[in-house]
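Per-entry structural report
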Amino acid sequence: MDVSCEIRLNTRGINSIDLPEPVSAAPGDTVLIRLVNEGSPLHLTLSAADAGRFTDFCHENLFVDTTAEVPIFIRKDVFPGAFDIEVITGYGTNRARLGVAVSERPKPPAEEPPLPAPVAAEPRLPVIPFAVVAAAALLFIIYAATKMVAFEAAAFIVLVAGVLAAWFLRP
């Protein structure tokens, strides 16, 4: 996210510096400094000597004709604190400090507790295969007692029908 601030130059006189209120930024933000020159062109130096914990920005010399923008990237892995950006004009005759306060990293939204896993339905007893096996066993017992081939053929047909029923009726 960009946090912008505007520094006005040459409004009250030559090499004058008008700073905004201190800037607040969070880790990962970009402080975008907009320099607006309301007078004749000038050389300007931005320096952040005590900002090494927060940013890679250290020093920049600029020639500002009308406007200029300088981005200062705040690292994502920093702790809260503050640093100053010194604005120098007139080859060191005028100086001003812009405070930058780095706040804590925003907290991620609280996660909702995970929903309990759906309880699987209790497995159904295999009624059809059990009934088929019972019927085929009964027919085979009758065949064994009577030696009638019809019961043996009926047991075989019931077993095949049971296997097909179990296959096509599976969940």
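Residues numbered from 1 in each chain as written. Predicted model: local features only at pLDDT ≥ 70, side-chain atom pairs only at ≥ 80, totals over all residues. Heavy atoms only, no water.

Attention now moves to the overall build of the protein chain. Secondary structure assignment for the protein chain yields 2 helices and 9 strands. Going residue by residue from the N terminus, the α and β elements of the protein chain occur as β-β-β-β-β-β-β-β-β-α-α. Projected onto its principal axes, the C-alpha coordinates of the protein chain cover approximately 125 × 30 × 20 Å. Here the protein chain holds 171 residues, and 32% of them are scored as buried. Taking the contacts inside the protein chain whose residues are at least 6 apart along the sequence as the reference set, 62% of them involve residues at least 24 apart. Counting every atom, the protein chain has about 11700 Å² of accessible surface; 65% of that belongs to carbon and sulfur. (Helix = DSSP H or I, 4+ residues; strand = E, 2+ residues; numbered from the N terminus. Buried < 20%, exposed > 50% of the residue type's maximum accessible area, 1.4 Å probe, protein only. Contact = heavy atoms within 4.5 Å. Areas by Shrake-Rupley, 256 points an atom, 1.4 Å probe, with all protein chains shown as cover.)

Here we take up the packing of aromatic side chains. Evaluated as defined, the whole model comprises 2 aromatic pairs. On the basis of an interplanar angle of 25° and a centroid distance of 5.4 Å, the ring pair of Phe54 and Phe83 is categorised as stacked. Of this pair, Phe54 sits in the loop between β5 (42–47) and β6 (59–64) while Phe83 is found in strand β8 (residues 81–89), placing the two residues 29 residues apart along the sequence. The exposure class assigned to Phe83 is buried, which follows from its relative accessible area of 2%. Arranged with centres 5.9 Å apart and planes meeting at 45°, the rings of Phe140 and Tyr143 form a pair that is tilted. A residue pair is termed a helical-turn pair when its members lie 3 or 4 positions apart in one helix, as Phe140 and Tyr143 do in helix α1 (residues 127–146) at 3 residues. By relative accessible area, which is 46% here, Phe140 ends up partly exposed. Look at Tyr143 and you get buried, because its relative accessible area is 18%. Of note, Lys147 hangs over the ring of Tyr143, and the distance from its end group to the ring centre comes to 6.0 Å. (Phe/Tyr/Trp six-rings, centres within 6.5 Å; stacked < 30°, edge-to-face > 60°. Lys NZ or Arg CZ within 6 Å of the ring centre and 35° of its normal.)

This brings us to the sheet that holds strand β9 (residues 94–102). Pairing within the open sheet is mixed, and its 5 strands lie in the order β3-β9-β8-β5-β6. One side of each edge strand has no neighbouring strand; the edge strands of this open sheet are β3 (23–25) and β6. Adjacent strand axes in the sheet meet at a mean angle of 25°, parallel and antiparallel pairs treated alike. For β3 and β9, the ladder comprises 3 bridges, and the chain directions are parallel. Paired with Ala25 across the two strands is Val102, which belongs to β9. (Pairing = 2+ DSSP bridges. Axes fitted to C-alpha atoms, helices over the stretch in contact; angles between N-to-C directions.)

With that out of the way, let us pick up the pattern of salt bridges. A complete count under the given rule lists 8 salt bridges for this structure. For Glu6, the salt bridge identified is with Arg34, shortest N-O distance 3.1 Å. Placement of Glu6 in strand β1 (residues 2–9) and of Arg34 in strand β4 (residues 30–37) is noted, with a sequence separation of 28 residues between them. The salt bridge involving Glu69 is made with Arg34; its shortest N-O contact spans 3.8 Å. Residue Glu69 is found in strand β7 (residues 67–73), and its partner Arg34 is found in strand β4; the two are separated by 35 residues along the sequence. Members of the salt-bridge network, linked through shared partners, are Glu6, Arg8, Arg34, Glu38 and Glu69. (Salt bridge = Lys/Arg side-chain N within 4 Å of Asp/Glu carboxyl O.)

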